[in-house]
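Spelled out, the chains give:
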Amino acid sequence: MSLSSHEHPHGVKTVIVPAAGMGTRFLPATKTVPKELLPVVDTPGIELIAEEAAALGASRMAVIVAPNKQEVMRHFGQFPNLVETLSERGKDEQVAKVQRANQLIQPVAVEQAKPLGLGHAVGLAESVLDDDEDVVAVMLPDDLVMPFGVLEKMARVRAELGGSVLCAVNVSPEEVSNYGVFDVEEIAADSDLPAARVKRVVGMVEKPDVDDAPSTLVATGRYLLDRAIFDALKRITPGKGGEIQLTDAIELMITEGHPVHIVVHEGKRHDLGNPAGYIPACVDFGLSHPTYGPALRKAITEILAEHDAAEHDAGEAVRTTS
């Protein structure tokens, strides 16, 4: 028998993980391997998301998948033949790595037949929720928000202020047009929450022009949403590209008086959705790895020295010939 939502540490039973995208920015690798299974050092991004969801206390992970992306779900299988072979060879550490994903959380596949937007993907997950769930978490697997723990902070904000709570990071003004941007105001002075890190949201703008952005605080892939989000998703019309936008549904809730707040994350955020973000994530995780870190640091230092020397030699050659 599954636990009720009230028996979960932060009241969150289900985490929704949209993973139906085609991963076109990683082609040709993603012709056969879903981008969510690309390893950050030795652990796929989707398993890092499952680890974070389990740390929140959630027991179910609703993974939104495309019809041709069942490999994502297979990663959470048991692999008895592999486990048996490794065990016979005494490779206990590898056995633990194989079994880890299966033991973190219960994954449930929810199929999205067509890519109709993030809001559409989130809305599909309502079908797997239990009647007693009044809040869900949404975690975008492209975003690694480090260190873990921001969702727990968001849950504490929800416990005091109610409504929905989103994670935000500060970006440079030049970057705002790539994100959903928050229009915010200060929280009540009598709140015990830190004013520098918690703001009330009065509006959201999806990918505004630099001059039109209400702030430099942007959404970053972690949402703690009241169950009312599903009703809002049913009442909005398609936005940019004919897609159902989660941002539009949250904006509708705000206009109808639903409290929405953000927690401004002060740690790191890695974007695994494109090579320019994925490569630094691998380097960052690699440098922190107890086994690979020291050798990686040495290798990076040598590679940088070689590139610097090559650039210097190229510059000297240009000066000599001009």
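What you see is a predicted model; the values in this text were computed from it and never measured. (Residues numbered from 1 in each chain as written. Predicted model: local features only at pLDDT ≥ 70, side-chain atom pairs only at ≥ 80, totals over all residues. Heavy atoms only, no water.)

Digging into the environment of Asp 132
Phase 1 of the analysis: Looking at the element boundaries, Asp 132 is found in the loop between helix 5 (118-124) and strand 6 (135-139).
Phase 2 of the analysis: You can call Asp 132 partly exposed: its relative accessible area is 29%.
Phase 3 of the analysis: A sequence separation of 42 residues divides Asp 132 from Gly 90, and the C-alpha atoms of the two residues are 45 Å apart.
Phase 4 of the analysis: Beyond its immediate chain neighbours, meaning those up to four positions away, Asp 132 contacts Ser 4, Ser 5 and Lys 13. (Helix = DSSP H or I, 4+ residues; strand = E, 2+ residues; numbered from the N terminus. Buried < 20%, exposed > 50% of the residue type's maximum accessible area, 1.4 Å probe, protein only. Contact = heavy atoms within 4.5 Å.)

Section: the environment of Ala 53
Phase 1 of the analysis: Looking at the element boundaries, Ala 53 is found in helix 1 (residues 45-56).
Phase 2 of the analysis: Using a relative accessible area of 0% as the deciding quantity, one classes Ala 53 as buried.
Phase 3 of the analysis: A sequence separation of 96 residues divides Ala 53 from Gly 149, and the C-alpha atoms of the two residues are 9.9 Å apart.
Phase 4 of the analysis: Look past the residues within four positions of Ala 53 in its chain and what remains in contact with it is Val 15, Ala 58, Ile 105 and Met 139.

What about the pattern of salt bridges?
Phase 1 of the analysis: Counted under the stated rule, the structure contains 20 salt bridges.
Phase 2 of the analysis: A salt bridge links Lys 13 to Asp 130; the nearest nitrogen and oxygen atoms lie 2.7 Å apart. Of this pair, Lys 13 sits in the segment before strand 1 (14-18) while Asp 130 sits in the loop between helix 5 and strand 6; the two residues are 117 residues apart in sequence, bridging distant segments of the chain.
Phase 3 of the analysis: Here Lys 13 falls in the buried class, since its relative accessible area comes to 3%.
Phase 4 of the analysis: Look at Asp 130 and you get partly exposed, because its relative accessible area is 24%.
Phase 5 of the analysis: Taking the shortest distance from any N to any O, the salt bridge between Glu 52 and Arg 222 comes out at 2.9 Å. Of this pair, Glu 52 sits in helix 1 while Arg 222 sits in strand 11 (residues 217-226), and the two are 170 residues apart along the sequence.
Phase 6 of the analysis: Connected through salt bridges with shared partners, the residues Lys 13, Arg 60, Asp 130, Asp 132 and Glu 133 form a single ionic network. (Salt bridge = Lys/Arg side-chain N within 4 Å of Asp/Glu carboxyl O.)

Description of the pairing of strand 12 (residues 260-264)
Phase 1 of the analysis: Counting buried residues in strand 12 gives five out of five residues, a clear majority hidden from the surface.
Phase 2 of the analysis: Across five bridges, the pairing between strand 8 (residues 164-170) and strand 12 is parallel. Residue Ala 168 lies in a different strand from strand 12, and its bridge partner there is Val 264.
Phase 3 of the analysis: Here three bridges tie strand 10 (residues 198-206) to strand 12, and the two strands are oriented antiparallel to one another. Looking at strand 12, one finds that Lys 199 is bridged to Ile 262. (Pairing = 2+ DSSP bridges.)

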